[in-house]
Amino acid sequence: MLAEAIKDPEVIWSSHREGSDEIVDFVYEYVNAAAAATIGVPAADLLGRRLLEVLPAHRDLGLFDRYRAVAETGVAEVIEIPWFEDGNVAGAFEASVSVMGDGIVSVARDVTDRVLAEQRLLASEKRHRALVSELPIPVWINGPDGVIVANSATAALVGVDDPAALVGQKLYQYLDPESFDPGDRLRHFAEDSEETQSFGVIGRLPSGRRHVQMYRRVVEFEGDVVAMWAAIDTTDRVVAEAELSASETRLRTVIDNGSDLINIVDRDGTIQFTSPSCQTILGRRPGALVGRRIHELVHPNDQHGAFNQALRSNDEGPVRVRAAHADGSMRWLETVARPLPASPSGQTTFLLSSRDVTARIEAENRLRHERELLDATFASVHAGVIAVAADGRIINVNDQFRKLTGATVRAGENLFDLTYDYLICGPDDTELAEHERPLELALQGCDVVDMTLFLHRSDGSCLELEASATAIATADETAGAVLTLHDVTDLRNAEREMRHLATVDPLTQLPNRRAIEAHLTAALARNRRTPDRLTVLFLDLDGFKSVNDSLGHSGGDQLLVAVAERLKAVTRDGDLIGRFGGDEFIAILECNGVHVPEHLARRIIEALDEPFVLSAGVANIGVSIGSTTAVGHETAEAILATADRAMYQTKRHSGLRRSSHPVGPADR
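Residues numbered from 1 in each chain as written. Predicted model: local features only at pLDDT ≥ 70, side-chain atom pairs only at ≥ 80, totals over all residues. Heavy atoms only, no water.

Bringing the overall build of the chain into the picture now. Of the regular secondary structure elements, the chain holds 21 helices and 27 strands. The 668 residues of the chain split such that 39% are buried. Carbon and sulfur atoms provide 53% of the accessible area of the chain, an area that totals close to 37100 Å². (Helix = DSSP H or I, 4+ residues; strand = E, 2+ residues; numbered from the N terminus. Buried < 20%, exposed > 50% of the residue type's maximum accessible area, 1.4 Å probe, protein only. Areas by Shrake-Rupley, 256 points an atom, 1.4 Å probe, with all protein chains shown as cover.)

Taking strand neighbours across the sheet as the criterion, the 5 strands line up as β12-β11-β15-β14-β13 in an open arrangement whose pairing is antiparallel. Only two strands of the sheet have a single neighbouring strand rather than two, namely β12 (271-274) and β13 (319-324). Along the sheet, successive strands turn relative to each other by an average axial angle of 35 degrees, direction set aside. As defined by bridge partners, strand β11 (residues 261-266) adjoins β12 across 3 bridges and the pair is classed as antiparallel. What sits directly across from Val265, in β12, is Ile271. (Pairing = 2+ DSSP bridges. Axes fitted to C-alpha atoms, helices over the stretch in contact; angles between N-to-C directions.)

Attention shifts here to the sheet that holds strand β22 (residues 534-542). The sheet built from 4 strands is open, its strands ordered β23-β24-β22-β27 with antiparallel pairing. Each end of this open sheet is capped by a strand with a single partner; those strands are β23 (576-581) and β27 (622-629). For this sheet the average axis-to-axis angle between neighbouring strands, irrespective of direction, equals 25 degrees. For β23 and strand β24 (residues 584-590), the ladder comprises 5 bridges, and the chain directions are antiparallel. Across the sheet, the residue bridging to Arg579 is Phe585, located in β24. The sheet strands contacting helix α19 (residues 544-570) are β22, β23 and β24, and the helix crosses β22 at an angle near 150 degrees. (Contact = heavy atoms within 4.5 Å.)

Turning to helix α18 (residues 513-529), a few remarks are in order. In this model α18 runs 25 Å from its N-terminal to its C-terminal C-alpha over 17 residues, within 8% of the 24 Å that 1.5 Å per residue would give. Looking at α18, one finds that the buried residues are Ala515, Ile516, Leu520, Ala523, Leu524 and Asn527. Down the axis of α18, the buried side of the element spans an arc of 165 degrees, and every buried residue falls inside it. With respect to the buried face of α18, the exposed residues turned more than 90 degrees away are Arg514 and Arg529. The backbone nitrogen of Arg514 lies 3.3 Å from a side-chain oxygen of the residue at the head of α18, namely Asn512. (Expected span 1.5 Å × (residues − 1). Arc of directions from axis to C-beta. Polar contact = N/O pair within 3.5 Å; in protein donor to acceptor, adjacent residues only side chain to side chain.)

Glancing now at the packing of aromatic side chains. Centre-to-centre distance and the angle between the planes together describe a pair of aromatic rings. One pass over the structure, following the stated rule, counts 5 aromatic pairs. Consider the rings of Trp13 and Tyr28, whose centres lie 5.6 Å apart with planes at 65 degrees: the pair is edge-to-face. Linking Trp13 in strand β1 (residues 10-17) with Tyr28 in strand β2 (residues 23-31), this pair joins segments that are 15 residues apart in sequence. Taking 5.3 Å as the distance between ring centres and 35 degrees as the angle between the ring planes, the aromatic pair formed by Trp13 and Tyr67 counts as tilted. (Phe/Tyr/Trp six-rings, centres within 6.5 Å; stacked < 30°, edge-to-face > 60°.)

As a further point, take the side chain of Asp266. Structurally, the position occupied by Asp266 is in strand β11. Within the buried set, Asp266 has no salt-bridge partner at all; the shortest N-O distance to an opposite charge, 6.7 Å, is to Arg293. Of the polar contacts made by the side chain of Asp266, one reaches the backbone nitrogen of Thr270; its length is 2.8 Å. With residues up to four places along the chain from it excluded, the contact list for Asp266 reads Gln272, Gln347, Thr348, Thr349 and Phe350. (Lys, Arg positive; Asp, Glu negative; His and termini not counted. Salt bridge = Lys/Arg side-chain N within 4 Å of Asp/Glu carboxyl O.)

Here Leu589 is to be found in strand β24. Since its relative accessible area comes to 0%, Leu589 is described here as buried. Put simply, Leu589 and Arg572 are 17 residues apart on the chain and 8.6 Å apart in space, counted from C-alpha to C-alpha. The residues contacting Leu589, other than those within four sequence positions of it, are Arg533, Leu534, Thr535, Leu537, Arg572, Asp575, Val596, Pro597 and Leu600.

Along a regular strand, successive side chains alternate from one face of the sheet to the other. The alternating pattern of β13 places Val319, Val321 and Ala323 on a buried face, while none of Arg320, Arg322 and Ala324, on the opposite face, is buried. Sheet topology note: the β13/strand β14 (residues 330-339) ladder contains 6 bridges and is antiparallel. Within β14, the residue paired with Val321 across the bridge is Leu333. Two successive antiparallel strands, β13 and β14, enclose a turn made up of 5 residues, where Gly328 displays a positive phi of approximately 95 degrees.

Let's shift gears to the environment of Leu116. As for its placement among the helices and strands, Leu116 is situated in helix α7 (residues 112-133). Overall, the relative accessible area of 29% leaves Leu116 in the partly exposed class. Expressed as a C-alpha distance, the spacing of Leu116 and Ala92, which sit 24 residues apart in the sequence, is 9.0 Å.

Turning our attention to the environment of Thr348. Relative to the helices and strands, Thr348 resides in the loop between β14 and β15 (349-356). On the basis of relative accessibility, which here comes to 26%, the residue Thr348 falls in the partly exposed class. Separated by 80 residues in sequence, Thr348 and Asp268 have C-alpha atoms that sit 10.0 Å apart. Leave out the neighbours within four places in its chain, and Thr348 touches Asp266 and Arg267.

Interpretation in functional terms is not warranted from these geometric data alone.
In structure tokens, the structure reads:
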């Protein structure tokens, strides 16, 4: 009942939260009749609805945030609601907001009439101030004593806040003594005539002294003879004239001391003025050129339409011409022509501003020549070369790069936006990620030298490349990078073939003597680190010379190839069998048991005891085997020598030197 008795609008809202503890809106829980009338919605229709649904402008005006602050902090607040219109609500209000339970209560007061009255008063004051500020400045001075008896808008001119405060003051105290002599003030009233004078006005002026032009007339005012003054503020004009004079001085200083050559010519090109820089640029005294035509200085080949047009309009941009120096040489000038305002006599003149660009043009020519050389180098080098900017834009690329990659890339394209039909792989032949590729590494500031790459192309071929990439660095950053690709496919294949030939017996394709010694040296080193049984078998064919004698060297070669095949068949995968030279073979057994060497020796003897059917005939041979086991820090040479001696002891003691007995040609 008490709430219903309140005539001001009263509303109670509960806090509304969604998904968190943060208040996202308020819900109408109670609305009195005054509030419902103000909102323009029946109270029953408001209950249960959200504030921002009914009055959404509360969010934009920041009112919702202030309501939420009251609810969260519990601190009551008086909130001024400025003039706004939202739905049926229009006006200005002052609301007292406080906490009630989990929500807030708001009692509002309609202050629309007060706000409108204040706005009307403010508008009236503005109109009054505008009217006063636009009036001339009449000042009445009472007789020769100079006391002000009346004034209008002089207060702002002399820096006084209240115009009425000037009444009773002496005008002379606000005039600058440099422009007005107070001792001469009697003369202004002795002469009954009109007078115009300029004065400097002083006072409490934050902008400094003002300049005014005052019109005086002696009149009779309330029975007294007074001087009536009307003052016009001429400060802006005086300052502008001073700035114009200073600007002319600065311009003359720039022309006299500037590095550009300034000429003023008439429509026919006759020189009327030349700046002192003419001496520096063309080696000529400025005065000596006045009266001559500008065309006399310009190379005949440069007196083309563009230059002549530039002399008559400002439509053309800078024109490059050659001008004659006093020493006979030519200087490149970049000239801009602009028309000047016509003279009082109507003569049209033009200002020619010329800059000596000889050094720049020579540098451009050198740069163009260097680029031509660079382009020629790109085109003629046998390697594939591409240069890119830091953002991936291709600066230059040669045909060899396109040939190697099969990509039709062109200068100006962005390398990172293109797709390719090839894979870039590293030395292990796995595809490289983008940040692992040489060009990207160089763009990150890392130089790459002779990186091995495998390029798998769309036609199924694979190239082995050596890639080098270097960053193009400036003082502050990496501006780009250059990538060079050398096709080393044939070279690497030849190297691998040479390495193969250097370690493999070309007849039997078994490891040769060099490979045997290298393998044995490594095996001995491993055996010293992790001791295990390491045995070397030295094999010498019995009766091989007889085969050579009876079947010829071709038959002997066939026999050696067949022996190699049988030896590979009986040895284990981890063992090495190689040809030591002639009819001598070596078997190296690692990680073997006690009886492995004897077992392998028996298998070898049994394998070689079988007849060999060759194209030249059938051969029977035997084999003598010497065996030794590493027990200390022997060298490969010592181990082999020991095994060789053991083999010869076997030959002497066993008497098993056998001869081959060809029985005729084998079935073809």
